[in-house]
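A closer look at the structure
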Amino acid sequence: EKGFSESEMTDAGLILKNEEGKTHDRFHNRLMFPIRDNRGRTTGFSGRVQDDSLPKYMNSPQTAIFDKSGTIYGIDMAGTAIRNKDLVVIVEGYMDVIMAHQYGFNNVVASMGTAITEKHINILKKLTKNIALALDPDTAGEEAMLRCVEYENSLNTEVKVIILPPHEDPDEVIKKDPKIWESAIEKAVPVIDYTIDMAVSRQDMSTAGAKSQVENSLLPIIAKV
């Protein structure tokens, strides 16, 4: 209706073509989250299903203007607050960012999933050298935090980890009590301390085998510091 050709819509990642050459809407019947660059220009979308089907979220594919590894959700709305507070808080979900901003925590962004890349860190470094992570305490979240130990050294940034109540996402914590969220940010721990605590908490440290296991997992990380 707006005069775009099929090839333009395909290149933009908005429509898909099947084997028979027929096209259909990539984001059919999904709740849409526009993704913008730091100048507020829409570069892609994420679409969330409205039922229990999978995948729960679908992102735009890599295009000439959308690069997931270098895109930060909410950066266009958060830049000024990040500079003013000299701190950026990175969460996982779009709803986490939206809820944080609704409650006035405007220095919150998301990394389009847990994969925090060097590109993300380089973008944020221009605004602040203080980064706090509020990622899910699952395997993917922990791997993202471990990568940040390396970024902390190579990119001269300080990375901290925000410890949230068990089984609660940032948006749930903020909705329940914004003061708990504020307190968690204030009590954020250095990423290396968090990494050591996590490794130790999973083992029975009264045994030599456990101590050896922890040592083997931590020494390569500590060596990078």
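You'll find the structure just up there.
Anyway, here's the lowdown on the structure attached to this text. Note that the structure is predicted; figures quoted are calculated from it, not measured.

1. Considering helix H2 (residues 75-85)
One full turn of an α-helix is made of 3.6 residues, so residues set three or four places apart face in the same direction. Residues of H2 that are buried include every one of Ile-75, Ala-78, Gly-79, Ala-81 and Ile-82, and no others. Check the buried side of H2 and you find it contacts strand S3 (31-36), strand S6 (88-91), helix H3 (94-102), strand S7 (108-110) and helix H4 (118-125). Looking one or two residues past H2, Asp-86 carries a phi angle of roughly 50°, positive in sign.

2. Quick notes on unusual backbone geometry
Residue Pro-55 is bonded to the preceding Leu-54 through a cis peptide linkage, with omega at -5°. Along the chain, the position of Pro-55 falls in the loop between strand S4 (42-48) and strand S5 (57-59). Within the chain, Asn-29 stands out as a residue other than glycine whose phi angle is a positive 60°. Secondary-structure assignment places Asn-29 in the loop between strand S2 (23-25) and S3.

3. Focus: the packing of aromatic side chains
With the rule as written, the count across this model stands at five aromatic pairs. Residues Phe-27 and Phe-45 carry aromatic rings whose centres are separated by 6.2 Å and whose planes lie at 65° to one another, so their mutual orientation is edge-to-face. One end of the pair, Phe-27, is in the loop between S2 and S3; the other, Phe-45, is in strand S4, with 18 residues separating them in the sequence. Given the relative accessible area of 4%, Phe-27 is considered buried. Looking at Phe-45, the relative accessible area reads 23%, which means it is partly exposed. When the ring of Phe-33 is compared with that of Tyr-57, the centres are 6.1 Å apart and the planes differ by 50°; the resulting orientation is tilted.

4. Notes on the sheet that holds S3
Read from one edge of the open sheet, three strands run S3-S4-S5, paired in antiparallel fashion. Each edge of the open sheet carries a strand with a single partner, namely S3 and S5. Here the average twist between neighbouring strands, direction ignored, is 25°. Bridging between S4 and S5 involves three bridges; their strand directions are antiparallel. Paired with Ser-46 across the strands is Asn-59, a residue of S5.

So, how was this worked out
Residues numbered from 1 in each chain as written. Predicted model: local features only at pLDDT ≥ 70, side-chain atom pairs only at ≥ 80, totals over all residues. Heavy atoms only, no water. Buried < 20%, exposed > 50% of the residue type's maximum accessible area, 1.4 Å probe, protein only. Helix = DSSP H or I, 4+ residues; strand = E, 2+ residues; numbered from the N terminus. Contact = heavy atoms within 4.5 Å. Phe/Tyr/Trp six-rings, centres within 6.5 Å; stacked < 30°, edge-to-face > 60°. Pairing = 2+ DSSP bridges. Axes fitted to C-alpha atoms, helices over the stretch in contact; angles between N-to-C directions.

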